[in-house]
Amino acid sequence: MTRVPASLSQLRGGGKAALARAISAVETQADSAELTSFLDEATRNGRAQVLGLTGPPGVGKSTLTNALIRAYRGRGESVGVIAVDPSSQVTGGALLGDRTRLSTDPADAGIFVRSMAARDRLGGLSDHAIAAVVLMRAVMDRVIVESVGIGQSESDVAHAVDTLVLCIQPGSGDSLQFMKAGVMELPDLVAVTKADMGALARRAQADVAGALSLARPVDSDRLPDVLTVSATSGEGLGALVAACDAFGLQAERSGRMAARRAVQERHWVDDAIRRRFGSVGHGACDVGAALAKAGGPFSAIAALDRSMRQRLGLIETR
């Protein structure tokens with residue numbers, strides 16, 4: 001059985017191997033007291049800004065992730081990446097695997113990439129992926145979450161990141177489809193990929209800006225910036241990195257980041273209990289009280305799970 005790190009200091013000092021073991025513990029020791037306590041500590045001590053990339057398959061998210069990794073590593077920052085894959089119906093594991101989508105140097109101690117299956121999340125983030133985000137942001141300087149871009153992935157990723165970038169491809173009609181689906185309400189920034197397509201990319205940029213103005217509430221404090229970027233040529237990459245930096249810094253200084261993370265933690269508990277016990281079971285739980293008592297979302301989930309199983313007669317009451 002994989003041992004849970006004794007402390008955050010041990011995790012941070014253990015390099016990629018220690019982080020890999022910690023994530024393996026997440027996948028094998030769910031809801032154990034030792035693990036949930038450690039995850040709550042990591043939740044309270046997150047130091048990295050978390051960037052989410054979402055959008056339809058084929059839009060170039062992996063190519064953009066590669067470019068962002070190079071940009072951050074060029075500044076001397078360590079980068080953790082979670083690449084969310086669709087799940088195998090046979091084994092439940094990730095179908096694609098990060099190495100087929102991302103080209104990184106395994107010898108670079110400043111890069112850690114983990115491919116994680118969406119499991120039953122229709123392309124979104126599983127509980128294990130959420131825990132991996134928490135561990136990575138406590139260790140790395142930057143964390144990138146790349147969704148597979150199907151089903152509920154856009155809203156799932158929004159509940160785990162500090163800055164959400166929606167990627168749209170020129171000439172695809174995505175902006176219209178996303179406006180119909182309500183996706184335009186989610187992103188903090190929009191990146192029109194393949195900027196080297198010239199006029200087509202600029203037209204998509206204008207279309208997306210128009211769609212955002214219609215999708216966002218009239219009293220919205222800001223509309224997301226819409227940038228064009230080519231990950232292959234590097235055109236617009238510096239501007240995208242700067243925009244992500246500026247958004248994250250402003251959110252941190254204003255307190256919006258802390259507020260967002262608090263809402264996310266509550267969502268993790270609500271979502272975990274609702275998926276395990278349904279809406280009726282969730283309605284029978286006092287999530288707010290559990291969070292206050294447990295001192296963190298992962299311990300709260302474990303406590304509520306244990307309580308519900310006792311009430312259902314699935315485990316003995318001690």
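(A) Spotlight on helix 4 (residues 61-74). Here helix 4 spans 20 Å end to end across 14 residues, near enough to the 20 Å set by a 1.5 Å rise per residue. For helix 4, every residue scored as buried is listed here: Lys 61, Ser 62, Leu 64, Thr 65, Asn 66, Ala 67, Leu 68, Ile 69 and Tyr 72. A positive phi of about 85° marks Gly 76, the residue just after helix 4.

(B) A look at the environment of Ala 201. Relative to the helices and strands, Ala 201 resides in helix 8 (residues 199-215). Considering only alpha carbons, one finds Ala 201 and Ser 230, 29 residues apart in sequence, at a separation of 9.9 Å.

(C) Quick peek at the confidence of the model for the protein. On average, residues of the protein score 86 in pLDDT, and 85% of them are at 70 or above. Here helix 7 (residues 174-181) is the element of the protein with the lowest mean pLDDT, 59, and helix 9 (residues 237-254) is the one with the highest, 97.

(D) Main features of the pairing of strand 5 (residues 163-168). By the criterion of burial, strand 5 is predominantly enclosed, with 6 of the 6 residues buried. Note: strand 5 against strand 6 (residues 189-193), 4 bridges, orientation parallel. Paired with Ile 168 across the strands is Val 192, a residue of strand 6.

(E) Here's a closer look at the environment of Asp 162. Locating Asp 162 in the fold gives a position in the loop between helix 6 (153-158) and strand 5. Not counting residues up to four positions away in its chain, the partners in contact with Asp 162 are Ala 48, Gln 49, Val 50, Asp 188, Phe 247, Met 257, Arg 260 and Arg 261. Engagement of the side chain of Asp 162 in a polar contact is seen with the side chain of Arg 261, the distance being 2.7 Å.

(F) How the structure looks around the nonpolar core. With 39 residues, the main nonpolar core has Leu 11, Leu 19, Ile 23, Leu 125, Leu 135, Met 136 and Val 145 as its most contacted residues. At 10 residues, the largest contribution of residues to this core is made by helix 5 (residues 127-139). Beyond its immediate stretch of four places on either side in the chain, Leu 135 contacts Leu 11, Leu 19, Ala 22, Ile 23, Val 26, Phe 38, Leu 39 and Ala 42. Ala 67, Val 79, Val 113 and Cys 167 belong to the second largest nonpolar core, which has 27 residues in total.

(G) Main features of the side chain of Glu 77. Its place among the elements puts Glu 77 in the loop between helix 4 and strand 2 (79-85). A polar contact is formed between the side chain of Glu 77 and the side chain of Arg 142, at a distance of 3.4 Å. Setting aside residues no more than four positions away along its own chain, Glu 77 makes contact with Tyr 72, Gly 110, Asp 141 and Arg 142.

(H) Structural detail: the packing of aromatic side chains. Inspection of every chain in the model, using the stated rule, returns 1 aromatic pair. Aromatic pair Trp 268 and Phe 298: ring centres 5.9 Å apart, planes at 45°, arrangement tilted. In this pair, Trp 268 is assigned in helix 10 (residues 256-283) and Phe 298 in helix 12 (residues 297-311), connecting sequence segments 30 residues apart. Phe 298 carries the same exposure label as Trp 268, and that label is buried.

(I) Spatial organisation of a nonpolar patch on the surface. Where nonpolar side chains cluster on the molecular surface, the patch consists of Leu 312, Leu 314 and Ile 315 and spans about 280 Å² of accessible area. Relative to the helices and strands, Ile 315 is located in the segment after helix 12.

(J) Structural detail: the sheet that holds strand 7 (residues 225-229). The strand order 3-2-4-1-5-6-7 describes an open sheet built from 7 strands, whose pairing is parallel. Each end of this open sheet is capped by a strand with a single partner; those strands are strand 3 (111-117) and strand 7. Neighbouring strand axes in the sheet, compared pairwise and without regard to direction, differ in orientation by 20° on average. Helix 5 rests against strand 1 (49-54), strand 2, strand 3 and strand 4 (142-146) of the sheet, and its axis sits at about 170° to strand 2.

(K) Just the packing of helix 3 (residues 33-44) against helix 12, in detail. Axis separation between helix 3 and helix 12 bottoms out at 7 Å; the angle between their running directions is 145°. Here Thr 36, Ser 37, Leu 39, Asp 40 and Thr 43 of helix 3 come into contact with helix 12, specifically with Pro 297, Phe 298, Ser 299 and Ala 302. Looking at the contact of helix 3 with helix 12 residue by residue, the class counts come to 4 nonpolar, 4 polar and 1 charged.

Reading the values: the criteria
- Residues numbered from 1 in each chain as written.
- Predicted model: local features only at pLDDT ≥ 70, side-chain atom pairs only at ≥ 80, totals over all residues.
- Heavy atoms only, no water.
- Helix = DSSP H or I, 4+ residues; strand = E, 2+ residues; numbered from the N terminus.
- Expected span 1.5 Å × (residues − 1).
- Buried < 20%, exposed > 50% of the residue type's maximum accessible area, 1.4 Å probe, protein only.
- pLDDT = per-residue confidence, 0-100.
- Pairing = 2+ DSSP bridges.
- Contact = heavy atoms within 4.5 Å.
- Polar contact = N/O pair within 3.5 Å; in protein donor to acceptor, adjacent residues only side chain to side chain.
- Core = buried A, V, L, I, M, F, W, Y, C linked by side-chain atoms within 4.5 Å.
- Phe/Tyr/Trp six-rings, centres within 6.5 Å; stacked < 30°, edge-to-face > 60°.
- Patch = residues over 30% accessible without salt bridge, like charges linked within 9 Å, V, L, I, M, F, W, Y side chains within 5 Å.
- Areas by Shrake-Rupley, 256 points an atom, 1.4 Å probe, with all protein chains shown as cover.
- Salt bridge = Lys/Arg side-chain N within 4 Å of Asp/Glu carboxyl O.
- Axes fitted to C-alpha atoms, helices over the stretch in contact; angles between N-to-C directions.
- Nonpolar A, V, L, I, M, F, W, Y, C, P; charged D, E, K, R; others polar.

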